[in-house]
Amino acid sequence: MWPFVTFLCLTWGHGQQDSTHNPEFAERLNSIYRHSVPAVTVSELKVLMKRGVVVLDTRESEEFDVSHVKYARHVGYIWFDMREVYDIPKTDTIVVYCAIGNRSERIGEKLHKAGYRHVYNLFGGIYEWVNQRNPVYNNRDVQTTEVHGYDKNWAQWLDRATRVY
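Bear in mind the structure is a predicted one, so any value in this text is a computation, not a measurement.

Turning our attention to the nonpolar core. If you look at the biggest cluster of nonpolar residues, it comprises 30 residues, and the most contacted ones within it are Val95 and Tyr127. Contributing elements (two or more residues each) for this core: helix 2 (23-32), strand 1 (39-40), helix 3 (42-50), strand 4 (93-97), strand 5 (118-122), helix 6 (125-131) and helix 7 (152-155). The dominant element in this core, judged by the number of residues it contributes, is helix 6, at four residues. Apart from the residues lying within four places of it in its own chain, the contact partners of Tyr127 are Phe25, Ala99, Ile100, Val147, His148, Gly149, Tyr150, Asp151, Trp154, Ala155, Trp157 and Leu158. Ranked by size, the runner-up nonpolar core spans 14 residues in total, among them Val37, Met82, Ile94 and Tyr116.

In structure tokens, the structure reads:
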């Protein structure tokens with residue numbers, strides 16, 4: 001039943017796929033993504049979160065500690081290890097994210113290769129999450145306005161947060 005519900009949620013919002021607060025940001029993202037992992041929008045992720053989706057943060061620890069999506073599980077990027085996710089059933093729906101969605105797309109590819117069937121990438125990453133006024137939490141589980149900027153060239157697209165490096 002869960003894969004069917006996921007399918008309905010994702011096809012229902014498919015017309016808004018690749019949407020961001022700023023259309024120029026979406027254009028830039030589309031130019032760097034491989035489009036190898038299906039994308040979900042912020043609004044689609046919010047619907048999936050109400051249904052118990054697994055959310056994986058693929059950024060580095062220092063980025064995650066500054067802020068992350070509530071209940072997201074940190075798995076990292078450089079030192080990502082499949083042993084970090086073996087407890088997740090391969091039939092579960094997983095959404096991966098990073099700062100903008102590029103690193104998370106690579107982790108999504110690894111998950112697909114390992115047999116995970118329902119893996120999606122958050123289009124625009126945590127930048128788009130906060131640009132659409134959604135909360136983030138620091139390593140003390142306190143809501144914050146800070147987001148790790150990751151890269152100053154990309155951080156220009158982070159409109160509604162305090163950038164830290």
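Burial in helix 2 covers these residues: Phe25, Ala26 and Leu29. Axial view of helix 2: buried residues confined to an arc of 100 degrees, hence all on one face. Turned more than 90 degrees from where helix 2 packs its buried face, Pro23, Glu24 and Glu27 sit exposed. Among the structural elements, helix 6 and helix 7 are those in contact with the buried residues of helix 2.

Attention now goes to the pairing of strand 2 (residues 54-57). Here strand 2 shows no split at all, with Val54 and Leu56 on one side and Val55 and Asp57 on the other all buried. Here four bridges tie strand 2 to strand 4, and the two strands are oriented parallel to one another. Within strand 4, the position partnered with Val54 by the bridge is Ile94. Two strands pair when backbone bridges link them, and strand 2 and strand 3 (residues 73-74) are joined in this way by two bridges, in the parallel orientation. Bridging from a neighbouring strand, Asp57 pairs with His74 of strand 3. The β-α-β motif built from strand 2, the intervening helix 4 (residues 61-66) and the parallel element strand 3 has right-handed crossover chirality.

Attention now goes to the sheet that holds strand 1. An order of 1-5-4-2-3 is seen for the five strands of this open sheet, with the pairing classed as parallel. Every other strand in the sheet has two partners, leaving strand 1 and strand 3 as the edge strands with one partner each.

A few words on the pattern of salt bridges. For the structure shown, the criterion picks out eight salt bridges. With a shortest N-O distance of 2.8 Å, Arg59 and Asp57 are connected by a salt bridge. When its relative accessible area of 0% is taken as the criterion, Asp57 is described as buried. A salt bridge links Arg73 to Asp87, with the shortest nitrogen-to-oxygen separation between them at 2.6 Å. Of this pair, Arg73 sits in strand 3 while Asp87 sits in the loop between strand 3 and strand 4; the two residues are 14 residues apart in sequence, bridging distant segments of the chain. The class for Arg73 is partly exposed, based on a relative accessible area of 28%. Overall, Asp87 belongs to the exposed group, its relative accessible area being 55%.

Right, let's talk about helix 5 (residues 102-113) for a bit. For helix 5, with twelve residues, the first-to-last C-alpha span of 17 Å sits near the 16 Å given by 1.5 Å per residue. Residues of helix 5 that are buried include every one of Arg103, Ser104, Glu105, Arg106, Ile107, Gly108 and Leu111, and no others. In the core, the buried residues of helix 5 are packed alongside helix 2, strand 2, helix 4, strand 4 and strand 5. Two residues or fewer after helix 5 comes Gly115, characterised by a positive phi angle close to 105 degrees.

Okay, the side chain of Asn134 next. With respect to the helices and strands, Asn134 occurs in the loop between helix 6 and strand 6 (136-137). Setting aside anything within four residues of it in sequence, one finds Asn134 in contact with Val42, Lys46 and Trp129.

Cut-offs applied
Residues numbered from 1 in each chain as written. Predicted model: local features only at pLDDT ≥ 70, side-chain atom pairs only at ≥ 80, totals over all residues. Heavy atoms only, no water. Core = buried A, V, L, I, M, F, W, Y, C linked by side-chain atoms within 4.5 Å. Buried < 20%, exposed > 50% of the residue type's maximum accessible area, 1.4 Å probe, protein only. Helix = DSSP H or I, 4+ residues; strand = E, 2+ residues; numbered from the N terminus. Contact = heavy atoms within 4.5 Å. Arc of directions from axis to C-beta. Pairing = 2+ DSSP bridges. Right-handed = clockwise from strand over helix to strand, strands pointing away. Salt bridge = Lys/Arg side-chain N within 4 Å of Asp/Glu carboxyl O. Expected span 1.5 Å × (residues − 1).

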